[in-house]
Amino acid sequence: MNENSVNYYGKMPDPLVGSREQKTPPTPRAAAARERYFGTRSSASMEFPYWYTRRWEELEGEIPVIRRAEALKAGFEHLTPTIYPGELLAMGKASYLRGSFPMPWLSEAFFMAAEDKFYQEALVSGKLTADTFTTMGTGGGNVTQSIGKVISIAGKFGLRVEEMPVMIEVAKRWKDKSVDDVGHRYEQKVPGYKEKEAIMRSVICMFDSGYTLPQGREVVNYYYPLQYGIEGIKAICGDAIAEVAGKPGMDRLYFYQAVKIMLEGVQAWIRSYAKEASLLAGLEKDAQQKQEYEAMSERLHWISSHPPRNFHDALQILWTFHIAVLNEDAISGLSPGRVGQVLLPWWQRDMKSGLLDRDKSIELLECMRMKFTEIDCFASMGVVGGVLSGNTFNNLCLGGLTKEGTSATNELEMLILEAGIRCDTPQPTLSILYDEKLPEEFLLKGVECTKIGTGYPAWVSNQVAMEFLLKNYGHEGMTLEEARAWSIGGCLETSPGSWMPLEFDGEIHWIPGGSAPATSVGVHFISLPKILEVALFDGMDMRTGERIFPPHGLELNSYEELWKVFRDYFSRAVHVLTLTNNIQHDAWRKIAPSLVNSMLKPDCLAVGKDIGQMGSRYNTTFNVETTGTANLVNSLASLKLNIYDEKNFSLEDYRKAILANFGYHTAKETGSFSLIDQTPNQDYDTWKKIHKLSNEAPKYGNDNTYVDGILREWETWFCDMTHDYLSIYDQPLYACQISVSTHGPMGAVTLASADGRLCGTTFSDASMSAYPGTDRNGPYALFNSATCWDHSESQNSQLNIKIHPSAVKGREGSRKFLELIRAYLRKGGFHVQFNVVDSRMLKEAQKEPGKYRGLMVRVAGFTQYWVELGKQIQDEVISRTEYEEI
């Protein structure tokens, strides 16, 4: 059923807009921080890139990794410290609350002015096409337009007018030297490179990963600074230098020296904040605030050299190194991992001694949430809006199993959930690593958190993830015991972990942490409906009139022939994109090798290699990402039924109907991006029958064997074919199936599709979500469809469900909700997440965003403030089927 542009399953909702369940408010300290955040705009600074570039140029001819370390050191040393009243955790990416900065050593073209020659060159190569089809949220902290003395960059960040000349000048210093430019120069050597450019211009592929987001979608490992402190790590490097200097494998010498240099910069950065806190203490009149500044100064001075003494120290170290990694590269999806298990020893001791109590713990955890929410990632509009929706995907995971195979949940994790309930912010998002061994009380606490409308925690199958890891990392030595240390990197990327032996109070505590580099670099988002469209039109993109692939010249007289052409074109895209991506990543590891992240990841310090040189324990981390699974499967089912099985229409009829948009105005013309809001034009009568039968063809999500068989055939082929391609580490690729926000801009450039979707409208979200309004048989039928294939063959799968608050109300509703979650995960599903919201509230918020500044929704693997989402994604979330009954 649908009413007022909303799709419903079950009874119609009450006439009054349903509200979410009430929650305990955050502590006054966290509430004040959140109000400060709401009043802040995303801001760009040139401080770090200026000093980085200046030092880089001074060291022309130096060993590259040493040059990189010195440049990073200069950037860290010159960051202006900013501390806000009431903060219990200090430090940030830049001097602004929501501060970030461009990294022209990665790419300088995307933030140049539109009329600049550099920008035009980038546009011609197809690098920035996605930017032009991306919408940004116009509310919240996005600076979507230039105003006064602030210039809008990438539709999100504000840059002071006086800093613009600095940005342009610094960018010009990196012309022909950045990872982007060097990679582009050499990727043109790949046979078929022109095909790659056409793929990018058509937005069959969303973006290159080698220079846009070369790190992230991984889990940080905080073991070394927690165990040894910065001086201890420097001592490890000093001993290693003495051991390897002058011996074969000389790159190890330079790596260890580079880590020492980088750490000196991090120490200077921490100490500058300590000095600032001391200065503020001297000026402060309020006794409590003065004491807090003094304590902060002392704490920062201590951790600049030593390992933590208590939980507060440990949390500050964790946050400091998290930000340090983010400042060395453009990164999204840098996940803190299983924080409640990593920091448990300090927390337990402080609780026992009386240094901490429950309320103080929650207050600290709420402050941690606010710091993570302040993180911004500076990138192009196509990336920051079309992929990230302004989010940074810092995924904190809970649950899972210990090294010995028992439940890993603990009281600190319960408090992390409580802090997530009280201080409901987008970051860090939470995920529960569901296992049958997890206690009921913990799971019900997770349900309570989801019910209030946070969109988190997501629910992920621990067993499915471990099976994937053993299949894909077994040849690198992954064992069942080691697989238990995994976590989610980014929004939903299964990421390998390791157990690290933390010596604490005379005992060994095995703590989990990431042990692989970015687990989602590779071919970044291939549009499945667009590939099918190009196959139907003999290799042409009919929107632009450009040929993308060589003509197949076939009549497509059978479904098998169509299916083969689709696979051939998909394979061509993966082939050329893998080769060019490998070149980009090779340029990255040579020009901007990771030092902060490498120092943290086992076994880089042990072997003397950074992550780009395979210093990590696990290195099979490149993937092929896709978008629009449900639209592809539904379109193939419609074509198979209407053309080949029942012969209702000819293929030529379908081609004409697609070009005519089935007799409807386009999404661009209507200003709405969901199918339900589209309006017919004067040609509607000509095409209404073919559109009707397209809509009535079997749809994924209804436990229908006709269309589910097509899904199973696609998944089996796709997950297998990715292993035929190799990364720069000579390791096979694997399948990754998430949409993030790409289903918006990719849908915007795709014509109508054979499933009845109209031109320019957004694709289905995620990979296992049904297309809005087509899942008519309830959630359990959707579960049956989604689990018709083996989810452990892919790095992930993603399922979003929207539920009306009344369907899960009260204690009985919580238990019913938990059984729904269990039912899916027990059937073999990998992931499920929920929006518990009345869709009518979202429509009201779209009309009057100022009244809903704190409203959050789940998009695809992440939660974001409603007002900061672009209209493409807002329309899609509203149109998702809303379950009134479960």
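The rules we used
- Residues numbered from 1 in each chain as written.
- Predicted model: local features only at pLDDT ≥ 70, side-chain atom pairs only at ≥ 80, totals over all residues.
- Heavy atoms only, no water.
- Axes fitted to C-alpha atoms, helices over the stretch in contact; angles between N-to-C directions.
- Helix = DSSP H or I, 4+ residues; strand = E, 2+ residues; numbered from the N terminus.
- Parallel < 35°, antiparallel > 145°, perpendicular 65-115°, else oblique.
- Left-handed = near helix turned anticlockwise from the far one by under 90°.
- Contact = heavy atoms within 4.5 Å.
- Nonpolar A, V, L, I, M, F, W, Y, C, P; charged D, E, K, R; others polar.
- Buried < 20%, exposed > 50% of the residue type's maximum accessible area, 1.4 Å probe, protein only.
- Core = buried A, V, L, I, M, F, W, Y, C linked by side-chain atoms within 4.5 Å.
- 1 Å grid on protein atoms, 1.4 Å probe; cavity = no way out; pocket = protein on both sides within 12 Å on 5 of 7 lines; lining within 4 Å.
- Points joined across faces, edges and corners; volume = space filled by probe spheres on them.
- Phe/Tyr/Trp six-rings, centres within 6.5 Å; stacked < 30°, edge-to-face > 60°.

Colleague: Give me the packing of helix H11 (residues 311-326) against helix H13 (residues 344-353): which residues, what numbers.
Modeller: Close contact between H11 and H13 brings their axes to 8 Å; oriented N to C, the two are set at 155°. Compared by their axis directions, H11 and H13 come out roughly antiparallel. Between H11 and H13 lies a crossing whose hand is left-handed. On the side of H11, the interface is formed by Phe 311, His 312 and Ala 314, while H13 contributes Trp 346, Trp 347 and Asp 350. Looking at the contact of H11 with H13 residue by residue, the classes come out as four nonpolar, one polar and one charged.

Colleague: So what about unusual backbone geometry? Which residues, and what values?
Modeller: Trans peptide bonds make up the majority, and among non-glycine residues the majority have a negative phi. Pro 428 follows Gln 427 through a cis peptide bond whose omega is -15°. By secondary structure assignment, the location of Pro 428 is in the loop between helix H16 (411-422) and strand S11 (429-434). The linkage connecting Tyr 456 with the following residue, Pro 457, adopts the cis geometry, with an omega of 0°. With respect to the element layout, Pro 457 can be found in the loop between helix H17 (440-454) and strand S12 (458-461). If you check the backbone angles, Val 203 has positive phi at about 60° while not being a glycine.

Colleague: Any chance you could break down H13 for me, citing the residues and the numbers?
Modeller: Of the residues making up H13, those classed as buried are Leu 344, Pro 345, Trp 346, Trp 347 and Asp 350. Note on H13: the residue one or two positions beyond its end, Gly 354, has a positive phi of about 90°.

Colleague: Which residues make up the side chain of Asn 681, and what are the values?
Modeller: As for its position among the elements, Asn 681 is in the loop between helix H26 (667-670) and helix H27 (684-696). By relative accessible area, which is 18% here, Asn 681 ends up buried. Those residues in contact with Asn 681 that lie beyond four places of it in its chain are Gly 663, Tyr 664 and His 665.

Colleague: Go over the nonpolar core with me, naming the residues and quoting the values.
Modeller: With 278 residues, the main nonpolar core has Phe 311, Leu 343, Trp 459, Ile 526, Phe 570, Trp 714 and Phe 834 as its most contacted residues. At 16 residues, the largest contribution of residues to this core is made by helix H9 (residues 251-283). If sequence neighbours within four positions are ignored, Phe 311 has contacts with Leu 343, Trp 346, Trp 347, Asp 350, Leu 356, Leu 364, Leu 365 and Leu 412.

Colleague: How would you explain empty space enclosed by the protein if you had to name every residue and give the values?
Modeller: The final tally for this structure, using the stated rule, is nine cavities of 30 Å³ or more. Forming the boundary of the second largest cavity are 18 residues, of which Met 91, Gly 92, Tyr 96, Leu 97 and Glu 374 lie nearest the centre. Partitioned by chemical class, the residues of the lining of the second largest cavity number nine nonpolar, four polar and five charged.

Colleague: Mind laying out the packing of aromatic side chains, listing which residues take part and the relevant values?
Modeller: Tallying each qualifying case throughout the model produces 42 aromatic pairs. Judged by centre distance (5.2 Å) and plane angle (70°), the rings of Tyr 223 and Tyr 224 are edge-to-face. Tyr 224 matches Tyr 223 in its accessibility class, with the two residues each being buried. Plain terms: the ring middles of Phe 570 and Trp 714 are 5.5 Å apart, the flat faces sit at 90° to each other, and that makes the pair edge-to-face. A residue pair is termed long-range when its members are at least 10 positions apart, and Phe 570 in helix H21 (residues 559-591) and Trp 714 in helix H28 (residues 705-721) qualify at 144 residues. Look at Phe 570 and you get buried, because its relative accessible area is 0%. The class of Trp 714 is buried, set by a relative accessible area of 0%. Members of the aromatic cluster, each reached through a chain of ring pairs, are Phe 48, Tyr 52, Trp 56, Phe 76, Phe 101, Trp 105, Trp 174 and Trp 269.

Any functional reading would require information that these geometric values do not contain.
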